[in-house]
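# Observations on the three-dimensional arrangement
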Amino acid sequence: MHELSLTQSIVATCERHAEGQPVKRVMLKVGRLAGVELDALRFCFGVCSEQTLLREATLEIEEIPGLGECQQCHQRVDMDRLIAVCPCEKRARLRLVAGDEFMIQAIEV
Amino acid sequence: MCGTCGCSDPSNVTIDDGRGVHTHILADGTEVTHSHERGGSQHHAHEHGGSQHHAHEHGGSQHHGHEHGGSQHHAHEHGGSQPHTHHSDRSIAPAHDTTLITLEQRVLAKNERLAERNRAFFLGRKLSVVNLMSSPGSGKTCLLERTLTELRPHVDVAVLEGDQETSNDAARLRQTGAPVVQINTGTGCHLEADMVWRGLSQLDPPAGSTLFIENVGNLVCPALFDLGEHARVVLFSVTEGEDKPVKYPHMFRRADLVLLTKTDLLPYLEFDLDRAHSSITEVAPDAEVLQLSTKSGEGVDAWVQWLKRLSRETVGR
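Here goes a summary of the coordinates provided. From a predicted model like this one, the values you see are computed outputs, not experimental measurements. Chains are numbered independently. Their residues run from 1 in the order of the written sequence. For naming, the first written chain is A and the first written ligand is 1, with later ones following in the order written. Selection of residues for local features in this predicted model requires a pLDDT of at least 70, selection of side-chain atom pairs for listing and counting requires 80 or more, and totals for whole chains, interfaces and linings are taken over all residues. Side-chain descriptors were evaluated using all non-hydrogen atoms of the structure, hydrogens and water having been removed beforehand.

### Observations regarding the sheet that holds strand E6 (residues 102-108) of chain A
Two strands pair under a simple rule: DSSP has to find at least two bridges between them. Going along the chain from the N terminus, every DSSP run of H or I of four or more residues is numbered as a helix, and every run of E of two or more is numbered as a strand. Spatial ordering of the open sheet is given by E2(A)-E1(A)-E6(A)-E4(B), a layout of 4 strands whose pairing is mixed. In this open sheet, the two strands that pair with only one neighbour each are strand E2 (58-64) of chain A together with strand E4 (100-106) of chain B. Taken pair by pair, the neighbouring strands of this sheet meet at an average axis angle of 20°, ignoring direction. Note that strand E1 (residues 25-31) of chain A and E6 of chain A share 6 bridges and pair antiparallel. Opposite Arg25 of chain A, over in E6 of chain A, you have Glu108 of chain A as the bridge partner. Think of each axis as a best-fit line through the C-alpha atoms, taken over the contacting stretch in the case of a helix, with angles from 0 to 180 degrees between the N-to-C directions.

Below you can see the structure in the form of structure tokens.
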């Protein structure tokens, strides 16, 4: 349940930037291959935001699908799980193009 | 929870150097250091003033799980974990009387900055640092016991031992004569760069030594947290399923070395070694793989050579 410490970090960062104003919305960008369980993140957000400037805040999460690019055939491959090798005949390494993001995009105060 | 004094804040981290002096790190970052007289009275003053006391009282996260404010509950409901995408042009637009503050800040940025600080410390001390990770019971502590005994005549060694509770593993490893500091993470399921930094100040590892960080037994959470280590070593025992690497790709994909452990048990199991190797290759094609048995000694020499090579490469000796 590393989502707890990640959420504590999110709350602390948002509070710092809110400069004393109540936060109304928190917008996150989370890749599907980032290793973060969204239900756990939402649960932890409810707990961690209590008694903070984020207690009334809505958590909005933009999910980013996984995308890889083959180093040999240069095809883009949809990745619903972390794989290292392209399904093409060359079996070359896949470079992760998208899907491992984990960012606080913005807050609304 | 502090295994020595029973201080019950679940959100804190304690660090014990084996001499009874230990440090609590409270949720608000406050450090509380105190000592215990071993074998003496279990009663001791434990005064946490002001904000420290406050941090203890709010540690129990589960208590409040269902008491969200109304807006949190209903503004954004999802059925299960169905993936979905928001159209940012709609959702980002702020309401009339509010201000949008763009952060674009990576959540793990702070840990990565602190890992950089660890790396600078390791470089300055000419340390070679290994982060040992696996599920609980794959043989990390057993392997470390043997490794410390093998290495100590040739190389200085030191250990940061991570567990949720107890100093049992640290006590076991101290029997080898190596300096060991226990980090108890409380409810924490992994080590973070900051915990390692605090552990280092008590461990004070000798210059030029090989430092082992035994992470909390867990194949999920430790994967995301850079500790500043030079190498990530993931243990995978033959009593586990051959497809563990594919099931836990985040842990295995960044491994520099995968150790297939407990190979002395192979004659008694239906473990398919080829399948295990291809499962590793599928998620970590660049990782080295060694098979070893701490008990029989098979592969231990190759592992020791690997460590010596890492040490030469990282500190140029």
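Text resumes after the structure shown.
### What to know about the pattern of salt bridges
All names here are of chain A. Here, a salt bridge means any side-chain nitrogen of Lys or Arg that lies within 4 Å of a carboxyl oxygen of Asp or Glu. Summed over the entire model, instances satisfying the criterion amount to 22 salt bridges over all chains. In this structure, the salt-bridge partner of Glu63 is Arg32, at a minimum N-O distance of 3.3 Å. In this pair, Glu63 sits in strand E2 while Arg32 sits in the loop between E1 and helix H2 (38-48), placing the two residues 31 residues apart along the sequence. One salt bridge in this structure joins Glu69 and Arg95, with 3.5 Å as the shortest N-O distance. On the criterion of sequence distance, the pair formed by Glu69 in strand E3 (residues 66-70) and Arg95 in strand E5 (residues 94-98) is long-range, its members being 26 residues apart.

### As for the packing of helix H5 (residues 140-151) of chain B against helix H11 (residues 300-315) of chain B
Residue and element names in this part refer to chain B. Their axes nearest at 11 Å, the elements H5 and H11 cross at an angle of 65°. Accordingly, the angle class assigned to the pair H5 and H11 is roughly perpendicular. Considering the relative orientation of H5 and H11, their crossing is right-handed. Residues Leu143, Arg146, Thr147, Glu150 and Leu151 of H5 pack against Val300, Trp303, Val304, Leu307 and Lys308 of H11. Under the grouping applied here, Gly and all other residues not named as nonpolar or charged are polar, the nonpolar ones being Ala, Val, Leu, Ile, Met, Phe, Trp, Tyr, Cys and Pro and the charged ones Asp, Glu, Lys and Arg. Of the residues in the contact of H5 with H11, the class split is 6 nonpolar, 1 polar and 3 charged. Oblique is the label for every angle not falling under 35 degrees (roughly parallel), over 145 degrees (roughly antiparallel), or within 65 to 115 degrees (roughly perpendicular). Left-handed is the label given to a crossing in which the near helix is rotated counterclockwise from the far helix by less than a right angle, and right-handed is the label when the rotation is clockwise. Should any heavy atoms of two residues lie within 4.5 Å, those residues are counted as being in contact.

### A short note on the environment of Val107 of chain B
In this fold, Val107 of chain B is placed in the loop between E4 and helix H4 (109-125). When neighbours within four sequence positions are excluded, Val107 of chain B is seen to be in contact with Leu6, Ser9, Ile10, Phe102, Met103 and Ile104 of chain A.

### Here's the deal with unusual backbone geometry
Glycine aside, residues mostly have negative phi angles, and peptide bonds mostly take the trans form. Residue and element names in this part refer to chain B. A positive phi angle, near 45°, is found at Glu104, a position not held by glycine. In this structure, Glu104 sits in strand E4. Buried residues are those whose accessible area, probed at 1.4 Å on protein chains only, stays under 20% of the maximum for their type, while exposed residues exceed 50% and partly exposed ones sit between those limits. Overall, the relative accessible area of 47% leaves Glu104 in the partly exposed class. The phi dihedral of Asp204 is positive, around 50°, even though this residue is not glycine. Within the fold, Asp204 resides in the loop between helix H7 (193-203) and strand E8 (210-214). Exposure remark for Asp204: the relative accessible area of 48% places this residue in the partly exposed category.

### Describing the environment of Leu310 of chain B
All names here are of chain B. Residue placement: Leu310 occurs in helix H11. Given a relative accessible area of 9%, Leu310 falls into the buried group. Each C-alpha atom of the pair Leu310 and Thr210 lies 9.2 Å from the other, and the pair is 100 residues apart in sequence. When neighbours within four sequence positions are excluded, Leu310 is seen to be in contact with Ser128, Val129, Val130, His230 and Ala231.

### With respect to the sheet that holds E5 of chain A
Residue and element names in this part refer to chain A. If you trace the 3 strands from one edge of the open sheet to the other, you get E4-E3-E5, paired in antiparallel fashion. Both edges of this open sheet fall to strand E4 (76-79) and E5, since each of them pairs with a single strand only. Neighbour to neighbour, the strand axes of the sheet diverge by 35° on average, direction disregarded. Relative to E5, E3 is paired through 4 bridges, and the arrangement is antiparallel. Paired with Glu69 across the two strands is Arg95, which belongs to E5.

### Quick word on H2 of chain A
With 9 of 11 residues buried, H2 of chain A is to be regarded as a mostly interior element. Along H2 of chain A, the residues that are buried comprise Leu38, Ala40, Leu41, Arg42, Cys44, Phe45, Gly46, Val47 and Cys48 of chain A.

### What about the nonpolar core?
Note that soluble globular proteins tend to have their nonpolar side chains buried in a common cluster. Ile10, Val26, Leu28, Val30, Leu41 and Phe102 of chain A are the most contacted members of the largest nonpolar core, which totals 46 residues. With 5 residues, helix H1 (residues 3-18) of chain A is the largest single contributor of residues to this core. Among all residues touching Phe102 of chain A, those that are not within four sequence positions of it are Leu6, Ile10, Lys29, Val30, Ala34, Val36 and Leu41 of chain A together with Gln105, Arg106 and Val107 of chain B. Within this scheme, the nonpolar core is defined by two criteria: the residues are buried Ala, Val, Leu, Ile, Met, Phe, Trp, Tyr or Cys, and they are joined through side-chain atoms within 4.5 Å. Core analysis: the second largest hydrophobic core is formed by 27 residues, Leu144, Ala170, Phe212 and Leu290 of chain B among them.

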